[in-house]
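One-letter residues, chain by chain:
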Amino acid sequence: MRAKVAVGLVMMLVLFDLPVTARSRQSQSIDRRVEALLSQMTLEEKVGQVHQLFYFTQFMKPEVVEPDIRAGKIGSLLFLTDPVLINRFQKIAVENSRLKIPLLFGFDVIHGFHTIFPVPLAMASSWDPALVEQAQTIAAREARAVGIHWTFAPMVDIARDPRWGRIVEGAGEDPFLGSRMAAAHVRGFQGTDPSSPDRVLACMKHFAGYGAGNGGRDYDSAYIADAELYNVYLPPFKAAVDAGVGSAMSAYMDLNDVPATGNAFLLRDVLRKQWGFKGFVVSDAEAVGNLVTHGFAEDKSDAAYRAFTAGVDLEMSFPGNPIASAYASSLTKLIAEGRVTKAQLDEAVRRILAAKFKLGLFENPYVDESRVAAIHNNPEHRRLARVAAQRSTVLLRNDGNLLPLAKGDPKSVAVIGPLADSKRDIRGSWSFVDDINSAVTVLEGIRAKVGSSVKVEFAPGVDIARVYPSPFGIIQGPRSAPWTETQKRAEFEKAVSLARSSDVVVMVLGEHEDMSGEAASQSSIELPGRQLELLKTISGLGKPLVLVLINGRPLDISWAASNVSAILEAWHPGTEGGNAIADILYGDATPGGKLPVTWPRSAAQIPIYYAHNITQEPETKKNFTSRYWDIPSSPLYPFGYGLSYTTFSFSNLRVSKPEIKVGESTEVSVDVENTGRRAGEEVAQLYIHQRYGSASRPVRELKGFERVALAPGQKKTVRFTLGKSELTYWSGAVREWVQEPAVFDLWVGSDATASLTTTLRVVKR
Ligand code: BGC
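Keep in mind that this is a model prediction, so the values were computed, not measured.

(A) A look at the pairing of strand 15 (residues 545-550). Of all six residues in strand 15, six are buried, a share of seventy percent or more. The two faces of strand 15 match: L545, L547 and L549 on one face and V546, V548 and I550 on the other face are all buried. Where strand 15 lies against strand 16 (residues 566-569), four bridges are found, and the strand directions are parallel. Along strand 16, the bridge assignment pairs V546 with A566. This β-α-β element, strand 15 to helix 23 (residues 558-563) to strand 16, shows right-handed connectivity.

Laid out in structure tokens, this is it:
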């Protein structure tokens, strides 16, 4: 097998960075190979290629799938991570099946595989697409090392409701930031050539509108008007397509009463016709069979018909589930009845085979088991995970410059809270196969940082738990039993007295990893359990107090925001999280992340996002009355917000051509200066507003950003281009993409409330 791997490697090197003509020759040759294979396939074998099954090592035996692999009835498996088993199944497919078509192995490599990176919402907080690309390059390398060819990522769903647990898996609320992040994830996973032995095929998901579910409830129906769909929810998907994403996953929920998995408007009109997407579409798990549950399809066969003809090429199923494998059980019959044509089936099979050829699976089907450990344990992976976690933290408050702390003084540090020493929770959801013991908690990170001369002690203080358990508990294992009432009282008291006897207190509060993610929606966004009570009690002691948040969504921290001197949002920062947080707390790294979401004061403000339209009562008006009379209408922290240990100023905002014609571009530039005494990084953000047009436009929209590193006193000029793509929008009035002559307000600054402003006039061509 090693020899095969070596031959494969040489081939990959030759193919890498091919010039365009060679590339098109390569795709022509793939087309020829696909057609040659297709012409030899039986109907049953074709149906096999559109059939994907979960395989859970924990509960399943190889014998359950092996006969079907041999018979060519399964084209793809997901959730396998053991290279030995992967090679075993692959061997049956490529050596014992009639046509020797390799299996495609998929897995949710969301934010790392062996080395866990910050959760995607955190990575978006870095506002650093290059970093995201590097992180996913490593995730791809680690996953491909065990034989995984395909990741179900990135999730590019726009999320404007923090009650929705899956907000943690995306890049937040904004289509521009979301698009830049989507493209970076795709580039990281796929590189320039997915057949390379350290790359995987990416899958943009969940197409489309999943983040807009009613009430933030997972899987709930979404009602999205066309203008909002085109301007807000679809752009990150389009960006992923433009970046060459190889596959797409259809979403679970109803979009405007048509389930996304049976939605021909999404899958045919938008994805194929409007965008020219050439990859294949996989259903989300059991989303085909569930078309019956939705009250959309009559029965399983009708579900297969509706999903397949809408444009879902491959069905993802749980073996043994009565609603599973609708394609495998119905497509042959549907073809005999003439409801599905052979040509339609060929089209789907073509796309899947093309992906297998592109991934190099026919030349290089196996994985070299002996190389896995070396690839996984490359110290460079952990180094980058630490940098990624540092760069993803967002400093929300730092009154009196409490941070950074000095390393040798204070002499005693109390590290308190249920998340302070939890290896499981520092990693975040979708961390299934990494070595949990190698994750570094905040407590461990602080201890390693300050050394033995400082006393660092820990008390959890309170325990937290979901009211209804997470379905992922089956994979992640149970959590420890809830404390008894006596334990609860004792632990609370212990934490308070530890705080009382320490010089400084670091409280690490937030959420368990399974409190966000899939099937993890929440009605309230308050700190779970008695965490706020503990925070208030300890804050009452008057000690210097730092709050570190480990969580997957914005939480209601209104009380802390005005009572706790320093607040650091770390999200679920991954394997190296504890070290990275210690780096930030002690000034070995400077926070520079920015919020990718508008942070509400409480769940009562949801939905709240910065790019809303202006009402007849603009917020800028004195005695503004449009929102609520009982709470401020502004969020707790605006989109794009985040502090540093230094300060910055923006000046000299200018537009190279203050008047342009429709279709032309102009350059916007601004000077950013580090006005403090430490080195730091600022994210310059450009927002626009179109003053009038065929439709109302948002009060502000992000249209450019750049994270800049500045030494104390250093000044740099940041330049952005504003042109057709930034100034075009989908008008609900014209029902088309338009770029209109109008006056635009521009702002550049450090968040969505930036005040430095100028204008741009766009005139008729
Ligand atoms: C999730 C997808 C995921 C799939 C496979 C589904 O429940 O919605 O995001 O990729 O499972 O694990």
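(B) Molecular detail of the packing of helix 17 (residues 379-392) against helix 24 (residues 577-585). Look at helix 17 against helix 24: their axes get within 8 Å of each other, and the N-to-C directions meet at 50 degrees. Between helix 17 and helix 24, the crossing angle belongs to the class labelled oblique. The handedness of the crossing between helix 17 and helix 24 comes out as right-handed. Two secondary-structure elements touch here, helix 17 through R386, A389 and Q390 and helix 24 through G577, N579, A580, D583 and I584. Along the lines of polarity and charge, the residues of the contact of helix 17 with helix 24 split into three nonpolar, three polar and two charged.

(C) Layout of the sheet that holds strand 25 (residues 742-749). Ordered in space as 18-26-25-20-21, the five strands form an open sheet in which the pairing is mixed. A single partner strand is all that each edge strand has here, and the edge strands are strand 18 (659-661) and strand 21 (701-710). Here the average twist between neighbouring strands, direction ignored, is 25 degrees. Taken together, the three bridges between strand 18 and strand 26 (residues 756-763) define a ladder with parallel strand orientation. The residue bridging I660 from the neighbouring strand is V762, located in strand 26.

(D) Examining the sheet that holds strand 2 (residues 76-78) more closely. One open sheet holds the five strands; their spatial order is 4-3-2-1-10, and the pairing between them is parallel. The open sheet terminates on both sides in strands that have one partner only, identified here as strand 4 (150-151) and strand 10 (315-317). As paired elements, strand 3 (residues 104-107) and strand 4 share two bridges and run parallel to each other. Note that in strand 4 the partner of G106 across the bridge is W150.

(E) Representation of the packing of helix 13 (residues 300-310) against helix 14 (residues 326-336). One can describe the packing of helix 13 onto helix 14 by two numbers: an axis separation of 8 Å at closest approach and a directional angle of 85 degrees. Accordingly, the angle class assigned to the pair helix 13 and helix 14 is roughly perpendicular. The residues of helix 14 that touch helix 13, namely those facing K300, S301, A304, Y305, A307 and F308, are A326, Y327, S329, S330, L331, K333 and L334.

(F) Structural view of the site of the ligand. Every one of the 14 residues lining the ligand counts as a neighbour, but D108, R166, H206, Y252 and D284 are closest to it. A distance of 2.5 Å separates an oxygen atom of the ligand from a polar side-chain atom of D108. Here an oxygen atom of the ligand and a side-chain polar atom of R166 are 2.7 Å apart. Its free accessible area being 310 Å², the ligand has 95% of it covered by the protein chains. Residue composition of the shell around the ligand, by class: eight nonpolar, one polar and five charged.

Rules used throughout
Residues numbered from 1 in each chain as written. Predicted model: local features only at pLDDT ≥ 70, side-chain atom pairs only at ≥ 80, totals over all residues. Heavy atoms only, no water. Buried < 20%, exposed > 50% of the residue type's maximum accessible area, 1.4 Å probe, protein only. Helix = DSSP H or I, 4+ residues; strand = E, 2+ residues; numbered from the N terminus. Pairing = 2+ DSSP bridges. Right-handed = clockwise from strand over helix to strand, strands pointing away. Axes fitted to C-alpha atoms, helices over the stretch in contact; angles between N-to-C directions. Parallel < 35°, antiparallel > 145°, perpendicular 65-115°, else oblique. Left-handed = near helix turned anticlockwise from the far one by under 90°. Contact = heavy atoms within 4.5 Å. Nonpolar A, V, L, I, M, F, W, Y, C, P; charged D, E, K, R; others polar. Near = heavy atom within 4 Å. Polar contact = N/O pair within 3.5 Å; in protein donor to acceptor, adjacent residues only side chain to side chain. Areas by Shrake-Rupley, 256 points an atom, 1.4 Å probe, with all protein chains shown as cover.

By themselves these figures say nothing about function.
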